[in-house]
Amino acid sequence: MIVVMGLGHTKQQLNHLVAMVEKMGLSTHIIYGTDRTVVAAVGDKRMVDKSALENVPGVEKIVPILAPYKVASKEVKREKTVISLQPSGAKIGSDTISVIAGPCSVEDRGRLLDTAEVIKQAGAVGLRGGAFKPRSSPYSFQGLAEKGLEYLAEAREKTGLTVVTEVMTVKHVDLISRYADVIQIGARNMQNFMLLQAVGEQSKPVLLKRGMSATMEEFLLAAEYIINAGNPNVILCERGIRTFEEYCRNTLALSLIPAIQRVSHLPIIVDPSHGTGHVYLVEPMCLAAVAAGAEGLIVEVHPDPEHAFSDPGQQLSPEQFQQTMTKIARVAAAVDKKL
Ligand code: PEP
Ligand code: MN
C-alpha cells in the first residue's frame with residue numbers, strides 16, 4: 001500500500017508512521033516528491049487494518065495496491081479453476097457451458113421427476129430445487145425439508161443430473177451435503193460467515209450467490225471464507241442486485257462476469273430467473289450471459305409455472321426452456337464454447 005503524507009507533516013510524524021508500518025511486518029520506502037512525501041509499504045498488507053494508519057497524525061490517505069482477497073484472486077492462482085460436477089461429469093469453468101435448471105421449490109415427487117427428465121432431454125447437467133426455502137414472508141411456502149431432499153436424490157438416480165440445493169443454516173450442512181452434489185448458499189446468506197465456514201469444511205462444491213447488495217469485493221471475500229476453510233470448489237453466481245429500478249425484481253449485473261474473470265480464477269455462472277423476476281427477461285439474459293463469458297446458468301423451470309408454490313412469475317415452462325436451450329447452444333458456438 002501507499003501512505004500519502006499530508007502537506008505540512010512533521011519529521012516526527014513521518015518517523016512515527018514508518019515505525020508503525022514496520023511493526024506491522026512491512027518494509028518501507030520513503031519517496032520525497034516536490035510537494036508530497038509518500039511511503040510505500042511493501043509486503044502482504046491484507047492482514048493489516050489500514051484504518052489504524054489512517055488515523056496517524058500527518059497521514060492524508062492510504063492507497064491500497066493489492067486486492068483484499070487473496071486465495072480467490074489471480075494473483076495467487078493464475079489458471080482458471082475447473083470444477084467437476086458429480087454424477088453428470090460436467091466441468092464448470094471449461095469450454096462447455098453448464099446449465100442447471102429446475103423448480104424454485106421442490107413441491108412434489110411426480111412433478112420433480114418429470115421436470116428432471118425434461119431438462120435432461122433439453123441438455124441441462126444439473127437439477128436445482130429448494131427443499132429449505134428462504135422466503136421473505138414467514139407465511140409463504142417454506143419447502144418440503146428432508147422429504148424434498150429425498151425427491152431430489154431420487155431424480156438424480158433416475159437421470160444422472162447433478163443435484164443443487166440450498167442450505168440456510170449451519171445446523172443443516174451435514175444433512176444437505178449427504179443429499180446434494182452442489183450446496184447452494186443463497187443471496188441472503190452470502191455474508192453469513194459461520195455458514196460459509198461450515199460449507200468450506202465439507203467437500204461438496206459450493207454455489208455461492210451474490211448478496212443482493214454486495215460489492216464484487218465483498219462477494220470475493222465471501223468466497224475466500226469458503227476456500228480458507230478447506231474447500232477450493234466455489235462457483236460464483238451473479239443473481240442480480242437491488243437497485244432503484246422497478247420493472248425487474250433485481251438488476252442483473254452482467255458486467256460482473258468479465259470483471260470477476262479479470263481478477264479471479266473462480267468460475268462464474270448467472271441466474272437470470274432471480275436476476276430479473278420475469279419470464280420474458282429470462283431468455284434474453286441467458287443469451288447475454290453466455291455471450292458475456294458466463295461459465296454456466298441456473299434457471300428456474302416448472303411444469304406448470306402459473307401454479308408454482310414460489311416464484312410463479314419467473315419460471316420457464318418446459319417448452320420455453322427447450323427453446324431457450326437451442327438458442328443458448330447457438331450463442332455458445334459464437335463464443336467458441338459448447339453446450
Ligand atoms: C434460489 O435460487 O432458490 C434463491 C432463493 O435465490 P437467491 O438466493 O438468489 O434469492
Ligand atoms: Mn426462486
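Above this text is the structure in question.
Residues numbered from 1 in each chain as written. Chains lettered and ligands numbered in written order. Predicted model: local features only at pLDDT ≥ 70, side-chain atom pairs only at ≥ 80, totals over all residues. Heavy atoms only, no water.

Novice: Is there a simple way to think about the sheet that holds strand E10 (residues 182-185) in this case?
Specialist: In a beta sheet, neighbouring strands are held together by backbone hydrogen bonds and run either parallel or antiparallel to one another. The strand order around the closed barrel built from eight strands is E7-E8-E9-E10-E11-E12-E13-E14, with neighbouring strands paired in parallel fashion. Strand-to-strand, the axes of this sheet are offset by a mean angle of 25°, without reference to chain direction. In the sheet, strand E11 (residues 206-209) pairs with strand E12 (residues 234-238) via four bridges, with the strands oriented parallel. For Leu207, the partnering residue across the bridge sits in E12 and is Ile235. Packed onto the sheet, helix H3 (residues 109-122) meets strand E7 (98-102) and strand E8 (126-128) and runs at close to 145° relative to E8. Those strands touched by helix H7 (residues 216-228) are E11 and E12, and its axis lies near 160° from that of E12. (Pairing = 2+ DSSP bridges. Helix = DSSP H or I, 4+ residues; strand = E, 2+ residues; numbered from the N terminus. Axes fitted to C-alpha atoms, helices over the stretch in contact; angles between N-to-C directions. Contact = heavy atoms within 4.5 Å.)

Novice: Sorry if this is basic, but what is going on with the environment of Glu306 here?
Specialist: Within the secondary structure, Glu306 sits in the loop between strand E14 (296-300) and helix H11 (318-334). Remark: the alpha-carbon pair of Glu306 and Leu196, spanning 110 residues in sequence, is separated by 34 Å.

Novice: Whenever I open this one, the packing of helix H6 (residues 193-200) against H7 confuses me. Can you help?
Specialist: Packed helices, taken two at a time, are described by the angle between their axes plus the distance between the axes. Their axes nearest at 7 Å, the elements H6 and H7 cross at an angle of 45°. As the angle between them shows, H6 and H7 are arranged oblique. For the pair H6 and H7, the sense of crossing is right-handed. Across the interface between the two elements, Phe193, Leu196, Val199 and Gly200 from H6 touch Ala222, Tyr225 and Ile226 from H7. Split by residue class, the contact of H6 with H7 holds six nonpolar, one polar and no charged. (Parallel < 35°, antiparallel > 145°, perpendicular 65-115°, else oblique. Left-handed = near helix turned anticlockwise from the far one by under 90°. Nonpolar A, V, L, I, M, F, W, Y, C, P; charged D, E, K, R; others polar.)

Novice: How should the sheet that holds strand E4 (residues 59-63) be read in this particular structure?
Specialist: In spatial order, the strands read E2-E3-E1-E4; together these four strands make up an open sheet with antiparallel pairing. The open sheet has two edge strands, strand E2 (27-32) and E4, and neither has a second partner. Taken pair by pair, the neighbouring strands of this sheet meet at an average axis angle of 20°, ignoring direction. Helix H1 (residues 11-23) rests against strand E1 (2-5), E2, strand E3 (37-42) and E4 of the sheet, and its axis sits at about 150° to E2.

Novice: Looking at this model, I keep getting lost on the site of ligand 1. Mind explaining?
Specialist: Taken together, the neighbourhood of ligand 1 is formed by Arg128, Lys133, Pro134, Glu166, Gln184, Gly186, Ala187, Arg188, Lys209, Arg239 and His274. Within the backbone of Ala187, a nitrogen or oxygen atom sits 2.8 Å from an oxygen atom of ligand 1. When ligand 1 is considered free in solution it has 290 Å² of accessible area, and contact with the protein chains removes 96% of it. Across the shell around ligand 1, the residue classes break down as two nonpolar, three polar and six charged. (Near = heavy atom within 4 Å. Polar contact = N/O pair within 3.5 Å; in protein donor to acceptor, adjacent residues only side chain to side chain. Areas by Shrake-Rupley, 256 points an atom, 1.4 Å probe, with all protein chains shown as cover.)

Novice: What is the right way to look at the nonpolar core in this model?
Specialist: Note on soluble globular proteins: their nonpolar side chains tend to be buried together. Counting residues in each nonpolar core, the largest one holds 70 residues, and the members touching the most others are Leu208, Leu236, Leu297 and Phe321. Tallying contributions element by element places H7 first for this core, with six residues. Excluding anything up to four places from it in sequence, Leu236 contacts Leu208, Phe219, Leu220, Ala223, Ile260, Leu266, Pro267, Ile268 and Ile269. Val3, Met5, Val39 and Val48 belong to the second largest nonpolar core, which has 15 residues in total. (Core = buried A, V, L, I, M, F, W, Y, C linked by side-chain atoms within 4.5 Å. Buried < 20%, exposed > 50% of the residue type's maximum accessible area, 1.4 Å probe, protein only.)

Novice: When you look at H1 in this model, what are you seeing that I'm missing?
Specialist: Think of an α-helix as 3.6 residues a turn; residues three or four steps apart then line up on the same face. For H1, which comprises 13 residues, the first-to-last C-alpha distance of 18 Å matches the rise-based estimate of 18 Å (1.5 Å per residue) to within 8%. What H1 keeps buried is the set Leu14, Leu17, Val18 and Val21. All buried residues of H1 fall inside an arc of 100° around its axis, so they share one side. Away from its buried face by more than 90 degrees, H1 exposes Gln12 and Lys23. Those residues of H1 that are buried lie in contact with E1, E2, E3, helix H2 (50-54) and E4. Looking one or two residues beyond H1, the residue adopting positive phi is Gly25, at roughly 90°. (Expected span 1.5 Å × (residues − 1). Arc of directions from axis to C-beta.)

Novice: Is there a simple way to explain the pattern of salt bridges in this structure?
Specialist: Two side chains that carry opposite charge are able to pair once their charged atoms sit near each other. Per the stated rule, a full pass over the model turns up 15 salt bridges. Close ionic contact of Glu60 with Arg36 constitutes a salt bridge, the shortest N to O distance being 2.8 Å. Note that Glu60 is positioned in strand E4 and Arg36 in the loop between E2 and E3, a separation of 24 residues in sequence. Here Glu238 ties to Arg210 by a salt bridge, and the two come within 2.9 Å at their closest N and O atoms. (Salt bridge = Lys/Arg side-chain N within 4 Å of Asp/Glu carboxyl O.)

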